[in-house]
Amino acid sequence: MLDYALLSALAAVIRTGSFERAAQQLHITPSAVSQRVKLLEERVGTVLVVRGSPCTGTPGGLRLCQHVEQVALLESDLRQDLPAMEQGDGEGAPVTVRIAVNADSLATWFIAAMAGAEGCLFDLVLDDQDHSADWLRRGEVLAAVTSSPHPVQGCDSTPLGSLRYIATASPAFMARHFADGVTPDSLARAPRLTFNPKDRLQSQWIRQVFGAEIPSPTHWLPSSQAFVDGALAGLGWGMNPETLAAGALRDNRLLALVPGRPLDVPLFWQRSRIASRRLDSLTRAVVRSAGQALCLSYETEA
């Protein structure tokens, strides 16, 4: 049997990033936290925490941390079903749910979903929608917003709608780089904006509109708001969520590179099949918030 006092110490260190903050959270001394983590490492026979600033979990440590959070979700259900448990420690305590979500969803609609789910604390992992399901496969999150419709083993998948992107640039940038129109030659010379090496949205849009890959120079901007700001400043062109760029497009501070040619990225909510009412409540909040913000179409180019 696993010792949950030891597991709770491990989870607190990994989630807070330090033994001192974990001690404050658990109302014990840092020395006691260290002793519990060391004892757990000895029992499982492997290092679970990489000591540093911040402290981080090894793959084994992250897996055990996720296990603790899954147990907390299950216990929250038991408290509702067994009145006697309501008198125990932790009555009504919120449970932590670790979720992988893409930055653009977080910037446009996912916060509203979080606010609509009661009794949860959130630990978000930001990753590209094409890669967020990998966190589920590794067992490091309980749920993910992903572009993959195929359920990860042990998970259910719910379609949410499509996040619509518009290829945008400032009027000055359009005049400077696309005076003769947006063509393969002009795209090859014009700087683009790229979120990070996983970001393929600009390439997907080019392939959808022009049917080919067109390499071009790029600025790296790992921020949804910086993408809008960079386009407004004339730094480059990029794929911005329509909801984030709507005001600038209305005011003609941003222009669509090719009007009427958006890129719709279908999104799905995948969550572990854990019998938890709180996870069900979160799922309802996610579906409701997505339904208010996303397009209905799940179609995208192959």
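As a starting point, this report considers the structure included with it. (Residues numbered from 1 in each chain as written. Predicted model: local features only at pLDDT ≥ 70, side-chain atom pairs only at ≥ 80, totals over all residues. Heavy atoms only, no water.)

Looking now at the overall build of the protein chain. The number of helices and strands found in the protein chain is 12 helices and 11 strands. When burial is assessed residue by residue, the protein chain has 47% of its 302 residues classed as buried. Counting contacts in the protein chain only where the partners sit at least 6 residues apart, residues at least 24 apart contribute 74% of the total. Accessible surface for the protein chain amounts to roughly 14,400 Å². Of this, 55% is attributable to carbon and sulfur atoms. Averaging the coordinates of the 27 positive side-chain charges in the protein chain and doing the same for the 31 negative ones gives two points 2 Å apart. (Helix = DSSP H or I, 4+ residues; strand = E, 2+ residues; numbered from the N terminus. Buried < 20%, exposed > 50% of the residue type's maximum accessible area, 1.4 Å probe, protein only. Contact = heavy atoms within 4.5 Å. Areas by Shrake-Rupley, 256 points an atom, 1.4 Å probe, with all protein chains shown as cover. Lys, Arg positive; Asp, Glu negative; His and termini not counted. Charge placed at Lys NZ, Arg CZ, Asp CG, Glu CD.)

Our next topic: the pattern of salt bridges. Enumeration according to the criterion identifies 12 salt bridges in this entry. The closest approach of N and O atoms between arginine 15 and aspartate 123, which form a salt bridge, is 3.0 Å. Of this pair, arginine 15 sits in helix H1 (residues 4-16) while aspartate 123 sits in strand E4 (residues 120-126), placing them 108 residues apart in sequence. Residue aspartate 123 is classed as buried on the basis of its relative accessible area of 18%. Where aspartate 251 meets arginine 253, a salt bridge forms, and the shortest distance between an N and an O atom there is 3.6 Å. (Salt bridge = Lys/Arg side-chain N within 4 Å of Asp/Glu carboxyl O.)

In this fold, serine 132 is placed in the loop between E4 and helix H6 (133-137). For serine 132, a relative accessible area of 0% gives the class buried. Polar contacts involving the side chain of serine 132 include one to the main-chain carbonyl oxygen of glutamine 129, which spans 3.5 Å. (Polar contact = N/O pair within 3.5 Å; in protein donor to acceptor, adjacent residues only side chain to side chain.)

For the rest of this paragraph, the subject is helix H5 (residues 103-115). Here H5 contains 13 residues, and its C-alpha end-to-end distance of 17 Å stays within 8% of the 18 Å for a straight helix at 1.5 Å per residue. Within the span of H5, buried status applies to Ala103, Asp104, Ser105, Trp109, Phe110, Ala113 and Met114. (Expected span 1.5 Å × (residues − 1).)

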